[in-house]
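Structural overview
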Amino acid sequence: QRVELLEDSLKRYETILDDVDVHLSEIDLKGNITFINDAGCRMWKLPRHELMGMNYRHYMKDRDVRQYDRLYKDVYFTGVPVKNIMFEVTDREGVVRTIEKSVSLARDAKGKIYGFRMVSRDVTEQREAEKKLMEHRSRLEAIFGSVKDAIITVDPVLNVIDANKSTESICEMAVKEIAGKPFAACSMKCSQACREVLRQTLERKKAVREHRIECDHQVRPQQVVSVSSSPLIDPRGNFMGAVMVIRDVTLLRDVERELRERHQFQNLIGRNKTMQNIYSLLEDLANLDTTVLVTGESGTGKELVARALHYSGNRAFKPFTTVNCSALAESLLESELFGHVKGAFTGAVKDKQGRFAAADGGTILLDEIGDISPLIQVKLLRVLQEKEFERVGESTPRKVDVRVIACTNKDLKEKVRKGEFRQDLYYRLKVVEVALPPLRDRLEDVPLLVDHFCRVFNGRFGKEIEGISSEVLGRFMNYGWPGNVRELEHVLEHAFVLCRGGVITLEHLPAELRHLDPADGAGRRRVKAGRSPSEREEIRNALIKTGWNKAKAARLLGIGRRTIYRKIDDYQLKDESIFRDS
């Protein structure tokens, strides 16, 4: 019975050893196999009954035999086991395989050496995968290092993982010194405005595309870069951090300024010379904290200027807050601007945060600044001078980092002369003035604005209106636009509601424009037969400049392709070069 139990026990052990996916074997001192498990048979592609008693020299190539002989001799004479040594061996079918092998001496109960024990593992596929991975990594590192844009990767808590060589030239910092450090602690010679782009990507897990910023670089003060960032996701879909690409576009910005007539800056639209100058001024002001006074008639787009300054500068990802100073009484405006504490006045049932506190780090727009009372003028002057304010009912000053932009359609200089507006506040607000022209002084921008609003309203109303008729355009070009761009927007919205066809005609316009006498109105341009001579010349010049390529001419004019085809018909324009060639 004891013998049967012993045999059962041995069978169980053999079953366990056969189930293991590792080559286990023993050989005697002459090299003959005395034990091998199923994994070993599979590795050498021979059945057990053939392998048992076979000498390892019989199923190996001579080169492999010499390696094994040296290995067994070293173990035998030193008595020290060899672990995880790599061999390349060729099996009986000529296939080269990589084997990871461990060898130790086999001793009997009395300690006498009778052979060797081996644990082997076929790691061919693993080694191939590692080789391919290393080759792939080398290619990526070569690409990573050769890209001219700076590339910086960070983990979810904004620690730098890695950066490429171009980071040193664009950002002026050594890559080896920033790896593993918090991004904010890296010694950069700039304002670190790009850090806000990374933070947005980490917080929202969304990409930021081509955000332009001025670096305020100590070495290159005029450097402008385009920053893009994207989330880093591993193959399992886990969020690993973000990658930021920084492209130096300083030269491109300078060329654009010199060569390209822009039709748009942020949401401002127009190719009028005055508008071009305003675009350049806004670019210069975007990354400065200078207080700006935006003036112009009602409806000229003063708030759009303020938003353009905010969203094209370093504060773009910080709050943008607007306060209409003419809409509130003095006491309410003070609370709205600076906040109040509980019990400061009747109805103050709890503490309230003011707009200045809400805009901390960002921009506050003070609309209709000319209507504020003398008390608010004094308090606002303190904020501008000392960057601090006090909540209503509180005597503790609070510091604030806010860029102030003020808008007005009033003549502040005249109000100062009349004693209605503080002179010191006026000069504090008017560090730089952006004066927007009325629409009647830039009527050449009307076609651009019409196409823009048509795109907006087509999306809003789900329509496919191509544009306006030549009669409507003529009426627009002959109108004084007292409400400026806002009035044009409302007129087109009115027309979109009524229009059921593909083109807006006179019947779709409000009554005051439908019944407009073309011969009436000082300061309006008179057009013959409802058409604009200046527009005809602009279209003709654009077509000549582009060799009558209508698509290019449309892009040059900032209008749609279908619109330019219609206007060519309206103005009966012909390619004069055809007649000259013939």
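Residues numbered from 1 in each chain as written. Predicted model: local features only at pLDDT ≥ 70, side-chain atom pairs only at ≥ 80, totals over all residues. Heavy atoms only, no water.

1. Description of the overall build of the protein
When its secondary structure is counted, the protein shows 24 helices and 23 strands. The burial tally for the protein puts 45% of its 582 residues in the buried class. In the protein, the share of contacts with a sequence separation of at least 24, taken over all contacts with a separation of at least 6, comes to 58%. As presented, the protein carries roughly 31700 Å² of accessible surface, and 50% of it is formed by carbon and sulfur atoms. (Helix = DSSP H or I, 4+ residues; strand = E, 2+ residues; numbered from the N terminus. Buried < 20%, exposed > 50% of the residue type's maximum accessible area, 1.4 Å probe, protein only. Contact = heavy atoms within 4.5 Å. Areas by Shrake-Rupley, 256 points an atom, 1.4 Å probe, with all protein chains shown as cover.)

2. Regarding the packing of aromatic side chains
If you walk through the whole model with that rule in mind, you get 14 aromatic pairs. The interplanar angle of 70° and the centroid separation of 5.2 Å between the aromatic rings of F476 and W481 together place this pair among those described as edge-to-face. Grouping residues by exposure puts F476 and W481 together as buried. Among the aromatic residues, those joined into a cluster by ring pairs are Y68, Y72, F87 and F116. (Phe/Tyr/Trp six-rings, centres within 6.5 Å; stacked < 30°, edge-to-face > 60°.)

3. Some details on the sheet that holds strand β21 (residues 432–435)
Taken together, the five strands give an open sheet; going across it, the order is β14-β17-β20-β13-β21, and neighbouring strands pair in parallel fashion. The open sheet is flanked by β14 (320–324) and β21, the only strands paired with a single partner. Taking the axes of each pair of neighbouring strands and ignoring which way they run, one obtains an average angle of 20° across the sheet. Bridge count between strand β13 (residues 292–295) and β21: four bridges; the pairing is parallel. The residue of β21 that forms the bridge with V292 is V432. Helix α10 (residues 273–285) rests against β13, β20 (403–408) and β21 of the sheet, and its axis sits at about 150° to β21. (Pairing = 2+ DSSP bridges. Axes fitted to C-alpha atoms, helices over the stretch in contact; angles between N-to-C directions.)

4. Thoughts on the environment of Y76
Position of Y76 among the secondary structure elements: in helix α4 (residues 62–78). Counting along the chain gives 29 residues from Y76 to L105, while the straight-line C-alpha distance between them is 6.9 Å. Each residue touching Y76, except ones within four places of it in the same chain, is listed here: L29, L105, I113 and F116.

5. A look at the side chain of S120
Inspection of the secondary structure assignment puts S120 in strand β5 (residues 113–122). Taking relative accessible area as the criterion, S120 reaches 1% and is therefore assigned buried. Among the polar contacts made by the side chain of S120, one reaches the side chain of K101 at a distance of 2.9 Å. Every residue in contact with S120, bar those within four places of it in the chain, is listed here: V22, H23, M43, I99, E100 and K101. (Polar contact = N/O pair within 3.5 Å; in protein donor to acceptor, adjacent residues only side chain to side chain.)

6. Comments concerning a nonpolar patch on the surface
A surface patch of nonpolar side chains, amounting to about 350 Å² of accessible area, comprises L29, Y76 and F77. The exposure class of Y76 is partly exposed, given its relative accessible area of 37%. (Patch = residues over 30% accessible without salt bridge, like charges linked within 9 Å, V, L, I, M, F, W, Y side chains within 5 Å. Salt bridge = Lys/Arg side-chain N within 4 Å of Asp/Glu carboxyl O.)

7. Points about the pairing of strand β9 (residues 224–233)
With five bridges joining them, strand β8 (residues 208–214) and β9 adopt antiparallel strand pairing. Bridge pairing in β9 links R212 to S226. Sheet analysis places β9 next to strand β10 (residues 239–248), joined by nine bridges and oriented antiparallel. Paired with S228 across the strands is V245, a residue of β10. Two successive antiparallel strands, β9 and β10, enclose a turn made up of five residues, where G237 displays a positive phi of approximately 90°.

8. Remarks on the sheet that holds β9
Taken together, the five strands give an open sheet; going across it, the order is β7-β6-β10-β9-β8, and neighbouring strands pair in antiparallel fashion. Whereas interior strands pair on both sides, the edge strands pair on one side only; in this sheet they are β7 (160–163) and β8. Taking the axes of each pair of neighbouring strands and ignoring which way they run, one obtains an average angle of 25° across the sheet. Sheet strands in contact with helix α8 (residues 194–204) are β6 (150–154), β8, β9 and β10, and its direction is about 150° off that of β10.

9. A look at the confidence of the model for the protein
For the protein, per-residue confidence averages 82 on the pLDDT scale, and 86% of positions sit at 70 or higher. When mean pLDDT is taken per element in the protein, β13 scores highest with 95 and helix α24 (residues 576–581) scores lowest with 51. Here residues 519–531 is modelled with pLDDT under 50, and outside its nearest four sequence neighbours on either side it reaches 25 contacts, counting other chains as well. (pLDDT = per-residue confidence, 0-100.)

10. Observations regarding the state of the cysteines
A disulfide bridge is the covalent bond that connects two cysteines by way of their sulfur atoms. According to the stated counting rule, one finds zero disulfides in the structure shown. Here C499 is not disulfide-linked; the sulfur of C454 is the nearest cysteine sulfur, at 9.3 Å. (Disulfide = S-S within 2.5 Å.)

11. Concerning helix α19 (residues 484–498)
The end-to-end C-alpha separation of α19 is 22 Å, in line with the 21 Å expected for 15 residues at 1.5 Å each. Where α19 is concerned, the buried positions are N484, V485, E487, L488, V491, L492, A495 and F496. Those residues of α19 that are buried are in contact with α17 (446–461), β22 (467–468), α18 (470–477), β23 (503–504) and α20 (511–514). (Expected span 1.5 Å × (residues − 1).)

12. Considerations on the pairing of β20
Walk down a regular strand and you will see the side chains alternate between the two sheet faces. Counting buried residues in β20 gives six out of six residues, a clear majority hidden from the surface. Burial of the side chains of β20 extends over both faces: R403, I405 and C407 are buried on one face and V404, A406 and T408 on the other. Sheet analysis places strand β17 (residues 363–367) next to β20, joined by four bridges and oriented parallel. Looking at β20, one finds that L366 is bridged to A406.

13. Comments concerning the pattern of salt bridges
When charged atoms on two side chains of opposite charge get close, those side chains can pair. Taken as a whole and assessed by the stated rule, the structure comprises 32 salt bridges. The partner of R355 in a salt bridge is E336, with the nearest N and O atoms 2.7 Å apart. Of this pair, R355 sits in helix α13 (residues 355–358) while E336 is found in helix α12 (residues 330–338), placing the two residues 19 residues apart along the sequence. Its relative accessible area of 26% is what places R355 among the partly exposed residues. Here E420 ties to K415 by a salt bridge, and the two come within 3.3 Å at their closest N and O atoms.

14. Observations regarding the packing of α17 against α18
Contact geometry of α17 with α18 gives a least axis separation of 11 Å together with a crossing angle of 125°. By the angle between their directions, the pair α17 and α18 is classed as oblique. Between α17 and α18 lies a crossing of right-handed hand. Residues V446, P447 and V450 of α17 form the contact with α18, whose participating residues are L473, F476 and M477. (Parallel < 35°, antiparallel > 145°, perpendicular 65-115°, else oblique. Left-handed = near helix turned anticlockwise from the far one by under 90°.)

15. Focus: helix α23 (residues 561–571)
What sets the pattern is the α-helix's 3.6 residues per turn: residues three or four places apart point alike. Here α23 has its buried residues at T563, I564, R566, K567, I568, D570 and Y571. Count one or two residues on from α23 and you reach Q572, which has phi positive near 55°.

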